[in-house]
Amino acid sequence: MFFNKKIIIEGKLISIESPTFIIAEAGVNHGGNMKIAKELIDLAVKAKVDAVKFQAFKTDNLILKNIQKAPYQKDTTDASESQFDMLKRLEISREQNIELKEYCTDKDIVFLTTPFDEESLEEIDELNLPAYKVSSTDITNLPFLKKIAQKGKPIFLSTGMSYLSEVELALKVIYEWNKNVVLLQCTSNYPIKDSEVNLAVINTYKDNFNILLGYSDHSVGVGAAPFAIPMGAKVVEKHFTLNKESEGPDHASSLSPEELIEFVKTVRRVDEYIGSGMKEPSLSEKNTRKSLQKCMVASQDINVGCVFDENNIVAKRTGGVGLSPIDYKQIIGKVSDRDYRKDEVILID
């Protein structure tokens, strides 16, 4: 399978050569309050991320009513409340999604959302979003993956809680309909221990799939995402909140406003550190090269008619004047056409 290695999201290029595409995951940290949702968008704009992402689901389509919360949800919310009741409070309606998308358009930031069920997928499809994010919870939901792939929009596919064989099956289903996919390593807990990050999976994905890669980061603080970038991640995603103390399942493990700003700065710094991959002197090195690299000079007095050999020439710093020692064989065995004093730069026509 050969997926596309260049994907454009509202004019922003994702490719091997492009800067890292940063998704700020608002998720359900709005708590069902549109004022807070818009404040989250404002923060994402201030932090200069590329996209801000929410979640779209109909609780009745997503979960049975008697399902308990995930362990991390019990730790961060009322443990006696069902997962169904918690999610019901966090739903965003079709009209609210329209409102948020328009707000993002006004703020010149990409609006994304994760559909968790088919009804929500059809609702947000009407919004003509530039891409879809697929949650790790649906990596094994092959019928749903097919429906998303058939929409023809680029897909960010998270792979938490999955085996490599399941990832391969998911990609095979998508590939028949859609070649614009970014595959995200992820560990689905909130937060995760450093020992659970497993960035080496990015290398595993490189070895097994010809596809753009990324990392959905649930580690603490600025965390692991910046380290994923030198390994080949071209997209990083991170949860953020206005207040870590707010009530809700994801606030405690999300970035604070200050941390989100620092996160983006760190990612951009890593982008600069990585550079182009072209091995050549940088602009600032070109003058340094003249001062520090060596050229050939006479190691002793050389009279006209003498033959140059490895005993009467040597490399020294000359300020960039003369023959580079990388080309010293050009003069070995040649007859000098003039007198040279010791340390005089060897000149050849």
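The structure this text deals with has already been given above.
Small disclaimer: the values here were computed from a predicted structure and weren't measured. (Residues numbered from 1 in each chain as written. Predicted model: local features only at pLDDT ≥ 70, side-chain atom pairs only at ≥ 80, totals over all residues. Heavy atoms only, no water.)

Caption draft 1: Geometry of the overall build of the chain. Assigned secondary structure in the chain consists of twelve helices and twelve strands. Whereas a compact globule of 349 residues would reach a radius of gyration of roughly 20 Å, the chain reaches 29 Å, over 25% beyond that. Its C-alpha atoms give the chain principal-axis dimensions of roughly 100 × 40 × 40 Å. Out of the 349 residues belonging to the chain, those deemed buried represent 47%. Sequence-distant contacts in the chain: of pairs separated by 6 or more residues, those separated by 24 or more amount to 67%. As displayed, the chain offers around 17,500 Å² of accessible surface, 49% of which is attributable to carbon and sulfur atoms. The centroid of the 44 positive side-chain charges in the chain is displaced by 5 Å from the centroid of its 52 negative side-chain charges. (Helix = DSSP H or I, 4+ residues; strand = E, 2+ residues; numbered from the N terminus. Rg over C-alpha atoms; globule rule 2.2 N^0.38 Å. Buried < 20%, exposed > 50% of the residue type's maximum accessible area, 1.4 Å probe, protein only. Contact = heavy atoms within 4.5 Å. Areas by Shrake-Rupley, 256 points an atom, 1.4 Å probe, with all protein chains shown as cover. Lys, Arg positive; Asp, Glu negative; His and termini not counted. Charge placed at Lys NZ, Arg CZ, Asp CG, Glu CD.)

Caption draft 2: Focus on the nonpolar core. In terms of nonpolar packing, the biggest core is built from 65 residues, with Leu 157 and Phe 240 touching the most fellow members. Ranked by residue count, the leading element in this core is helix H1 (residues 34-47), at seven residues. The residues touching Phe 240, leaving out its near neighbours within four places in the chain, are Ala 24, Glu 25, Ala 26, Asn 29, Leu 40, Leu 43, Ala 44, Val 52, Ser 254, Leu 255 and Leu 260. (Core = buried A, V, L, I, M, F, W, Y, C linked by side-chain atoms within 4.5 Å.)

Caption draft 3: Local environment of the pattern of salt bridges. What the rule picks out here adds up to 19 salt bridges. Across the pair Glu 39 and Lys 35 runs a salt bridge whose closest N-O atoms are separated by 2.6 Å. A residue pair is termed a helical-turn pair when its members lie 3 or 4 positions apart in one helix, as Glu 39 and Lys 35 do in helix H1 at four residues. With relative accessibility at 32%, the residue Glu 39 sits in the partly exposed group. For the salt bridge of Arg 268 with Asp 50, the shortest nitrogen-to-oxygen distance reads 3.0 Å. (Salt bridge = Lys/Arg side-chain N within 4 Å of Asp/Glu carboxyl O.)

Caption draft 4: Layout of the pairing of strand S4 (residues 51-56). The element S4 is extensively covered by neighbouring structure, given that six of its six residues are classed as buried. Of the strand pairs in this sheet, strand S3 (residues 21-27) and S4 are connected by four bridges, and their pairing is parallel. Bridge assignment links Ala 24 to a residue of S4, and that residue is Val 52. Regarding the hand of the β-α-β motif, the stretch spanning S3, H1 and S4 is right-handed. Looking at chain direction, S4 and strand S5 (residues 110-115) are connected through six bridges and run parallel. Residue Gln 55 lies in a different strand from S5, and its bridge partner there is Thr 114. (Pairing = 2+ DSSP bridges. Right-handed = clockwise from strand over helix to strand, strands pointing away.)

Caption draft 5: Inspection of the packing of aromatic side chains at higher detail. As enumerated under the stated definition, the model contains six aromatic pairs in all. Relative to Phe 111, the ring of Phe 54 has its centre 5.9 Å away and its plane inclined at 35 degrees; by these criteria the two rings are tilted. Of the two residues, Phe 54 sits in strand S4 while Phe 111 sits in strand S5, which places them 57 residues apart along the sequence. Judged by relative accessible area, which is 0%, Phe 54 ranks as buried. Taking the relative accessible area as the measure of exposure, Phe 111 reaches 2% and is therefore buried. The ring of Tyr 175 is capped by Lys 179, whose NZ or CZ atom sits 4.4 Å from the centre of that ring. (Phe/Tyr/Trp six-rings, centres within 6.5 Å; stacked < 30°, edge-to-face > 60°. Lys NZ or Arg CZ within 6 Å of the ring centre and 35° of its normal.)

Caption draft 6: View of the side chain of Ser 18. In this fold, Ser 18 is placed in the loop between strand S2 (12-15) and S3. For Ser 18, a relative accessible area of 7% corresponds to the buried category. Among the polar contacts made by the side chain of Ser 18, one reaches the main-chain carbonyl oxygen of Leu 13 at a distance of 3.2 Å. Not counting residues within four places of it along the chain, the set of residues in contact with Ser 18 comprises Leu 13 and Lys 234. (Polar contact = N/O pair within 3.5 Å; in protein donor to acceptor, adjacent residues only side chain to side chain.)

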